[in-house]
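What the coordinates show
The residues making up each chain are set out below.
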Amino acid sequence: MNVVVCGENRRADWEELIAQSADATSGHLWNWRDVVSSAYGFDPHYLLAQDSRGRPVAAAPFIFVRSLLYGSELSSMPYLDYGGICHTDVLDSAERAAADADLIAYARELASKLRAKRLHIRSLKQMQPPFEISTEKVAQHLALSPTIDEQMRRLPSERRNRLKRIEKLELGVDVSDATDPAALTDFCATYSENMRDLGSPTHGRRFFSNLVNRFRDRLSLIRVRSKGRVVAAGLAMNFRGSMMLPWSGATFEARPVYATNALYWRAIQLGIESGCHTFDFGRSSVGSGIFEFKRQWGPTPVQPYWSTLYLSPHASAPRERKSLQTISRLWRHMPLGMARAFGPGLRRGISN
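Quick look at the structure, then. (Residues numbered from 1 in each chain as written. Predicted model: local features only at pLDDT ≥ 70, side-chain atom pairs only at ≥ 80, totals over all residues. Heavy atoms only, no water.)

1. Details of the overall build of the protein
Regarding its fold elements, the protein presents 11 helices and 15 strands. Relative to the globule expectation of 20 Å for 352 residues, the C-alpha radius of gyration of the protein, 20 Å, shows essentially globular dimensions. Its C-alpha atoms give the protein principal-axis dimensions of about 65 × 45 × 35 Å. With 352 residues in all, the protein has 54% of them scored as buried. Once local pairs closer than 6 in sequence are excluded, the contacts in the protein between residues at least 24 apart make up 72%. For the protein, the exposed area adds up to about 15,700 Å²; of that, 51% sits on carbon and sulfur atoms. (Helix = DSSP H or I, 4+ residues; strand = E, 2+ residues; numbered from the N terminus. Rg over C-alpha atoms; globule rule 2.2 N^0.38 Å. Buried < 20%, exposed > 50% of the residue type's maximum accessible area, 1.4 Å probe, protein only. Contact = heavy atoms within 4.5 Å. Areas by Shrake-Rupley, 256 points an atom, 1.4 Å probe, with all protein chains shown as cover.)

Structure follows, in structure tokens:
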């Protein structure tokens, strides 16, 4: 097969293939290249495999992430749960394997030319050696009922009781168009505060503005208020009948009023109202607090594979770098204004 790099002139080919690919994910959508390049200035390298007749049969989106602190990485896809290779549905297993081999060979050569230290792929499919595989992160998918009442009955009893207690607290919960400037401001403020408290630099307003401008038809913004103050917020995304909440946050005041529970329950309701069949809780580390919080809703674990090929003898995963661990400890004590000002500059180089 022949592999080419897609420019804007091949966008229609890319989007047609994605539409015909059952294993495509939200991370394969064309507009991600514009979101990341506009927000962070990184170069997209969207690879398309073509058969002998020149017909697109498989695709793999990559972004070249540059970082002086953590080393450069050709990543599919940075900042997202899923990327990797997708295929047109007409391919048989042998043809898929051939397309995969050609795309990976091209990506390896490209990464070497770019002098990237790592070739990194996040996918529901495990790559073969010499890739090193991490299964530390696990996604959790909840099957949605046709009605909200039925979904409530299907929830574990502990979660139902928690939601009943929330009703008595009279929290205000609303869903807004993601392009609403006031709603986006509330979300960015809540999200950045939460990420600071977790010890992680945050995406800034520019990233999220680019995101909502290019995916406005897929996005909704949810806010939870306690005593008039927004204490939890999330950006929900709909892709092929799966509702997900890739970016969410809650302030310290959210804990005693269970605002995070209210946020996720409204996102689940939104999924049912939108005709979705699945709610994707996204990735988290097994055994962590957020993993346990998601598990208590009764979802099914789904194993994504983080496959990394180290192209430099001294390359390592960013999460293993002591500098990142030190920054995380210090970041929790950073004044919020400074965290918001300097966070995006650091976040752009961290593909997780």
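2. Let's talk about empty space enclosed by the protein
Left-over empty space is what a probe sized like a water molecule reveals as it rolls over the atoms. Taken as a whole and judged by the stated rule, the model has two cavities of 30 Å³ or more. Considering the residues around the second largest cavity, the lining is formed by I85, S123, K125 and M127. Tallied by class, the residues present in the lining of the second largest cavity amount to two nonpolar, one polar and one charged. (1 Å grid on protein atoms, 1.4 Å probe; cavity = no way out; pocket = protein on both sides within 12 Å on 5 of 7 lines; lining within 4 Å. Points joined across faces, edges and corners; volume = space filled by probe spheres on them. Nonpolar A, V, L, I, M, F, W, Y, C, P; charged D, E, K, R; others polar.)

3. Considerations on helix α11 (residues 336–347)
Note: α-helices contain 3.6 residues per turn, so residues at a spacing of three or four share the same orientation. Its 12 residues place the ends of α11 15 Å apart at the C-alpha level, agreeing with the 16 Å of an ideal helix rising 1.5 Å per residue. Those residues of α11 that sit buried are L336, A339, G343, P344 and R347. All buried residues of α11 lie within an arc of 115° about the axis, which places them on one face of the element. Those residues of α11 that are exposed and aimed more than 90 degrees away from the buried face are G337, A341, F342 and G345. (Expected span 1.5 Å × (residues − 1). Arc of directions from axis to C-beta.)

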